[in-house]
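Chain by chain, the residues run as shown.
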Amino acid sequence: MHEKIIILDFGSQTTQLIGRRIRELNTYCEILPYDRFPEGDAHVKGVILSGSPWSTGDAGAFKTDLSGIRRKYPVLGICYGAQLMARDSGGTVVSAVTREYGRAHLSHIDVHDPLLAGVKSGSQVWMSHGDTIMQLPPSFEIVASTEDVKVAAYRAGDEQTWGVQFHPEVFHTEDGMRILDNFLHVCGCAKDWTPASFIESTVAALKEKLGDDKVILALSGGVDSSVTAVLLHRAIGKNLSCIFVDHGLLRRHEFEHVLRDYAHLGLNVTGVNAREKFYGRLAGVTEPEQKRKIIGKGFIDVFEEEAQKLKDVKWLGQGTIYPDVIESLSITGMVIKSHHNVGGLPDRMKLKLVEPLRLLFKDEVRRVGMELGMMPHLIKRHPFPGPGLGIRILGAVTAEKVRVLQEADDIYISLMHEWGLYDTVWQAGAILLPVQSVGVMGDERTYDNAIALRAVTSKDAMTADWAQLPYDFLAKVSNEIINRVKGVNRVVYDISSKPPATIEWE
């Protein structure tokens, strides 16, 4: 078992980012609700307290007793976490006259302080708080300030306890990684959490957990399920059975290409062509959420039908990753998002879950895949929605509309590869709009479909900016689609960011 840092989540939007930064420093960490510290866990090396949307003085603010944590472990409080410790120790926290938000620069740095070792005066930090620490408890000392914030960072007397009112985890804090690395050094972390070490320990754990039991896994062709399959295959070999369902809403030739790739990996995969079944259920349905539910239930029905053909299966493999787990842990009593890869299988299947990736963030899954020797195009593939083209065809789905969109999307994505643009964006795809417009082809008037192109840049899909693709590339794509795809006479480019728009149109 790896040593770990515990991040107690008080509801900050950047809590996951803290976790990702610690992982980037080759140290395993777990994000837990603020009041669920794992007492008695011998592997804990230190504790980080996150920020929060609350003020420490609010009646409903998240608070917890830190007396059993401080002095026992090194502690780093970030923003709200820093204010909470100061307030609980007798300091004064007040509402700032103006919200302190944006760039600031550190000054009066205690160069001998272990947390700030190597951080130079003038280093840029990112502030985002409505409260500020006006007065520290008697035993606390200031170790850094900014022009507007006297207590930018403090240390709690002779404890290995620090608080910072800025966010070291965000990109705009220049020495943020150095500060976090310094904290890990104080904690005595070996920093040996690597893709190779994860694979070694996970495969060993899977062998012990599963023994000779059989596992069934639903493959989507995406990164998470593919890496899950390879890890399970490395642990249990032929006892893993994979099912890949073609619901008729995949990209052009994707069913054949993915099956070929999986065969190359040595996986035992059953491919199921269920296109007509899905087209029949979707006939005439235009409401987006209803389409999603029909596709989800259809997938479950096909998966269960195929699973019944296998004997003695005891486990269901899923590609659940860490953000899914975190979002399912509620700090308010409400589940933010339920996580499932196959839409919720019937209880009568009575399968136990095995989720080898549940500790990993998306970028870590990709690194593990590369370490496993998987083909780069499988690992670097853009995210693709579970309902597939069903939610990129606005309005009712038909086989003819699927053909039009598959051909247009194939041209778009192929040209992105050809122009070296595919790896520069997070996600790209074509959308078939539920409108027709007048056009002229040759000497004839046309009244055909419009295609919208979408491409976004993002780190984690929580926010996204529209990608500023070259005009000559867009002109080439538009020309190729209109000339080669029968039924399309107009192409537009979506320049909406998230928020307020979403990445997918439905």
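### Comments concerning the overall build of the protein
For the protein, the helix and strand inventory stands at 13 helices and 18 strands. Its C-alpha atoms give the protein a radius of gyration of 26 Å, within 12% of the compact-globule value 23 Å for 506 residues. Reported as C-alpha extents along the three principal axes, the dimensions of the protein are approximately 80 × 60 × 40 Å. Considering the protein as a whole, with its 506 residues, one finds that 57% of them fall into the buried category. A separation of at least 24 residues holds for 74% of the contacts in the protein among residues at least 6 apart in sequence. Total accessible area on the protein is roughly 23100 Å²; 51% of this is exposed by carbon and sulfur atoms.

### Some words on the pattern of salt bridges
Summed over the entire model, instances satisfying the criterion amount to 29 salt bridges. Taken together, the salt bridges that share partners define one network made up of Lys-4, Glu-30 and Asp-41.

### Some details on the packing of helix H5 (residues 223-236) against helix H10 (residues 362-371)
One can describe the packing of H5 onto H10 by two numbers: an axis separation of 10 Å at closest approach and a directional angle of 45°. Between H5 and H10, the angle falls in the class oblique. As H5 packs across H10, the resulting crossing turns out to be left-handed. On H10, the residues touching Val-223, Asp-224 and Val-227 of H5 are Lys-362, Val-365, Arg-366, Val-368 and Gly-369. Per-class residue counts for the contact of H5 with H10 are four nonpolar, one polar and three charged.

### Focus: unusual backbone geometry
Omega for the bond connecting Lys-498 with Pro-499 falls within 30 degrees of zero, at -15°, which places this linkage in the cis form. With respect to the element layout, Pro-499 can be found in the segment after strand E18 (488-493). The omega torsion of the bond from Pro-499 to Pro-500 falls at 10°, within 30 degrees of zero and hence cis. Following the sequence through the fold, Pro-500 ends up in the segment after E18. Its identity is not glycine, yet Lys-191 carries a phi of approximately 55°, on the positive side. In this fold, Lys-191 is placed in the loop between helix H3 (176-187) and helix H4 (195-210). With phi around 65°, Asp-312 is a residue other than glycine that occupies positive phi space. Tracing the backbone through its elements, the reader meets Asp-312 in the loop between helix H8 (288-307) and strand E13 (313-317).

### Re the nonpolar core
Membership of the largest hydrophobic core comes to 50 residues, with the highest contact counts inside it found for Tyr-412, Met-416, Ile-451, Leu-453, Leu-469, Phe-473 and Ile-481. Excluding anything up to four places from it in sequence, Ile-451 contacts Leu-405, Ala-408, Ala-430, Ile-431, Leu-432, Val-488, Arg-490, Val-491 and Val-492.

### Some points on the confidence of the model for the protein
Here the protein shows a mean pLDDT of 90. Residues at 70 or above account for 93%. Overall, residues 332-343 carries pLDDT values under 50, and its contacts beyond four positions in sequence, including any with other chains, amount to 24 contacts.

### Here's the deal with the pairing of strand E9 (residues 161-164)
Residues Thr-161 and Gly-163 of E9 are buried on one face, and the alternating residues Trp-162 and Val-164, pointing to the opposite face, are buried as well. Bridge count for strand E4 (residues 75-78) against E9 is four bridges, and the pairing is parallel. Each residue of the ladder has a partner; that of Ile-78, found in E9, is Val-164. The pairing of strand E8 (residues 153-156) with E9 spans three bridges and is antiparallel.

### Considering helix H12 (residues 399-418)
Taking 1.5 Å per residue as the helical rise, H12 with its 20 residues ought to reach 28 Å, and the 28 Å between its terminal C-alpha atoms agrees with that figure. Of all the residues in H12, the buried ones are Val-402, Val-404, Leu-405, Gln-406, Glu-407, Ala-408, Asp-409, Ile-411, Tyr-412, Ile-413, Leu-415 and Met-416. Where H12 ends, the next residue or the one after it, Gly-420, has phi of about 70°, a positive value.

### Quick word on the packing of aromatic side chains
One pass over the full model with this rule turns up 15 aromatic pairs. Through successive ring pairs, a cluster of aromatic residues spans Phe-10, Tyr-34, Trp-54, Phe-62 and Tyr-80.

### Let's talk about helix H7 (residues 275-282)
Buried within H7 are the following residues: Phe-278, Tyr-279 and Leu-282. Viewed along the axis of H7, the buried residues span an arc of 100°, placing them on a single side of the element. Buried positions along H7 lie against strand E11 (240-246), H8 and H12. Looking one or two residues past H7, Gly-284 carries a phi angle of roughly 80°, positive in sign.

The rules we used
- Residues numbered from 1 in each chain as written.
- Predicted model: local features only at pLDDT ≥ 70, side-chain atom pairs only at ≥ 80, totals over all residues.
- Heavy atoms only, no water.
- Helix = DSSP H or I, 4+ residues; strand = E, 2+ residues; numbered from the N terminus.
- Rg over C-alpha atoms; globule rule 2.2 N^0.38 Å.
- Buried < 20%, exposed > 50% of the residue type's maximum accessible area, 1.4 Å probe, protein only.
- Contact = heavy atoms within 4.5 Å.
- Areas by Shrake-Rupley, 256 points an atom, 1.4 Å probe, with all protein chains shown as cover.
- Salt bridge = Lys/Arg side-chain N within 4 Å of Asp/Glu carboxyl O.
- Axes fitted to C-alpha atoms, helices over the stretch in contact; angles between N-to-C directions.
- Parallel < 35°, antiparallel > 145°, perpendicular 65-115°, else oblique.
- Left-handed = near helix turned anticlockwise from the far one by under 90°.
- Nonpolar A, V, L, I, M, F, W, Y, C, P; charged D, E, K, R; others polar.
- Core = buried A, V, L, I, M, F, W, Y, C linked by side-chain atoms within 4.5 Å.
- pLDDT = per-residue confidence, 0-100.
- Pairing = 2+ DSSP bridges.
- Expected span 1.5 Å × (residues − 1).
- Phe/Tyr/Trp six-rings, centres within 6.5 Å; stacked < 30°, edge-to-face > 60°.
- Arc of directions from axis to C-beta.

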